[in-house]
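Working through the structure, step by step
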Amino acid sequence: MEREERNNARSPYLERNINIFKLTTFLSGIRLYVVNVVLQPFVLSLYPSMTFVGLLQGLSGMNGLITTIVQPISGWISDRKGRKKLILLGSTFTITSLLLFSFAGFLGAAFLLLPSAILMGVSFIRRPSESSIVAESVKKERRSYAYSIITLAMVAPGIFAPYVGGLVADNFGFASVFLIAALIEGICLLFLSLYLRETLEGESKNLPGRDEFLLFLKRIIAPPSSVRGLYLICALDSLMWGFGGYILTGLMRKEFGFTNAQLGLLNSASNISWALLQIPIGHLIQRFGCKISLILSEAVGILAIMGFIFSNSFENFLIFEIPMGLVPALWIPAINTLIANATSEEERAETFGRLWLLRGIVGFPGPIIGGFIYNSFGFDAPLIANMLGATLDMCLIYFFVREQS
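These numbers come from a predicted model, not from an experiment.

Let's talk about the packing of helix 4 (residues 50-60) against helix 7 (residues 113-122)
Put simply, helix 4 and helix 7 touch, their axes get as near as 8 Å, and they point 30° apart. Classed by the angle they form, the pair helix 4 and helix 7 counts as roughly parallel. Judged by residue contacts, Phe-52, Leu-56, Leu-59 and Ser-60 of helix 4 engage Leu-113, Leu-114, Ala-117, Met-120 and Gly-121 from helix 7.

Quick look at the pattern of salt bridges
Where charged atoms from two side chains of opposite charge come close, those side chains can pair. Scanning all chains against the criterion turns up six salt bridges. Among the salt bridges present, the one from Glu-136 reaches Arg-83, with a minimum N-O distance of 2.4 Å. With Glu-136 in the loop between helix 8 (127-135) and helix 9 (143-155) and Arg-83 in the loop between helix 5 (65-81) and helix 6 (84-107), the pair connects residues that are 53 residues apart, well separated along the chain. The same class applies to Glu-136 and to Arg-83, which are both buried.

Looking at the side chain of Ser-273
In this structure, Ser-273 sits in helix 15 (residues 260-288). The exposure class of Ser-273 is buried, given its relative accessible area of 9%. A polar contact is formed between the side chain of Ser-273 and the backbone oxygen of Ser-270, at a distance of 2.9 Å. A distance of 2.5 Å separates a polar side-chain atom of Ser-273 from the backbone oxygen of Ile-322.

Overview of the environment of Tyr-374
Mapped onto the elements, Tyr-374 comes out in helix 20 (residues 365-377). Given a relative accessible area of 10%, Tyr-374 falls into the buried group. Between the C-alpha atoms of Tyr-374 and Gly-244, which are 130 residues apart in sequence, the distance is 9.1 Å. The residues touching Tyr-374, leaving out its near neighbours within four places in the chain, are Met-50, Leu-251, Lys-254, Glu-255, Phe-379 and Pro-382. Here Glu-255 takes part through its side chain, which lies 2.9 Å from a polar atom of the side chain of Tyr-374.

Points about the packing of helix 3 (residues 16-46) against helix 9
Look at helix 3 against helix 9: their axes get within 6 Å of each other, and the N-to-C directions meet at 35°. The element helix 3 and its partner helix 9 pack so that their crossing is right-handed. Residue-level inspection shows Ile-18, Phe-21, Lys-22, Thr-25, Phe-26, Gly-29, Leu-32 and Tyr-33 of helix 3 in contact with helix 9, the latter providing Ile-149, Ile-150, Ala-153, Met-154 and Val-155. Here the contact of helix 3 with helix 9 is built from residues that sort into 10 nonpolar, two polar and one charged.

The rules behind each value
- Residues numbered from 1 in each chain as written.
- Predicted model: local features only at pLDDT ≥ 70, side-chain atom pairs only at ≥ 80, totals over all residues.
- Heavy atoms only, no water.
- Axes fitted to C-alpha atoms, helices over the stretch in contact; angles between N-to-C directions.
- Helix = DSSP H or I, 4+ residues; strand = E, 2+ residues; numbered from the N terminus.
- Parallel < 35°, antiparallel > 145°, perpendicular 65-115°, else oblique.
- Contact = heavy atoms within 4.5 Å.
- Salt bridge = Lys/Arg side-chain N within 4 Å of Asp/Glu carboxyl O.
- Buried < 20%, exposed > 50% of the residue type's maximum accessible area, 1.4 Å probe, protein only.
- Polar contact = N/O pair within 3.5 Å; in protein donor to acceptor, adjacent residues only side chain to side chain.
- Left-handed = near helix turned anticlockwise from the far one by under 90°.
- Nonpolar A, V, L, I, M, F, W, Y, C, P; charged D, E, K, R; others polar.

What follows is the structure in structure tokens.
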């Protein structure tokens, strides 16, 4: 804990990291949203199968198998060798993946989809380091607010970027969207390499031998008792949202034939509510705690999914996308704050990585199952499965989440 105290002592210097992350996260948000809105329609254009869409999502989506397998190892390395190098390496993998997706679009080469997706999953080696460097750049009492600010910087481009990405895809093709995204991520890489400050500077340790690495693998299987309840809740959350929420763009394209621009507008609607309410929610979490925020996240998600089930027009979907923005706005800063407060700086990145690994392993079959359920029973079925899982998770949150002082 001595290092934690020294870190807080130099936090005015390190708080400049938050400003750098505001800028680069905003730019990465543009890249993220222009890609996300077209990725599933793009895959369907080359290989028209919702099960295959589910496979790629399960492998390399935000909570995919590859995405999360790399994170405990990168977090373990980050706690020993520092944060910045892994952040820069992850950004480099992102650029490579986007360029490969672009080549797939130009060539009409479906066989490039899988390696492109794998590289995108590997790029998430940066995530534990990013979460840790934010926590280590501010005082403990300001962490939930800092996470909310960074989350806002990520989601603010979602107000306009999905629609712009959809328009570009409709008018100039999918490949052009990926090229633009690669350029934006290249700018982020430049700013991070020049201005981001290492929070573990001067404290880098050599990587240990085989015995300690085996102990690390054992810790992945048996997480600390202080976070086991959170691990269970996050794992179930990843699985059940994979049934419907994570493949919703593809489901709407397949079932209703919405254009890329329409899908972009739907995405923008949820991001508007997310962006507008993220900072107020951050203040409410500081005042009332994280547990109620997690419960409300699942409850709002259930209501929004129920609305989708009864929707049969673009306008109806647009209305129910608005509350969907509250789901991550309530969830992300609360989970990050609970994990950061329950761990020491020496093991924080590793703990974040273990959490995301569990989410990936448990959640991996979710989108695949969701695609299969859609093929077998239609549009409503995967959404109903999503709702039932969210209800169960809400009950687990009530009984197992404990606030950390």
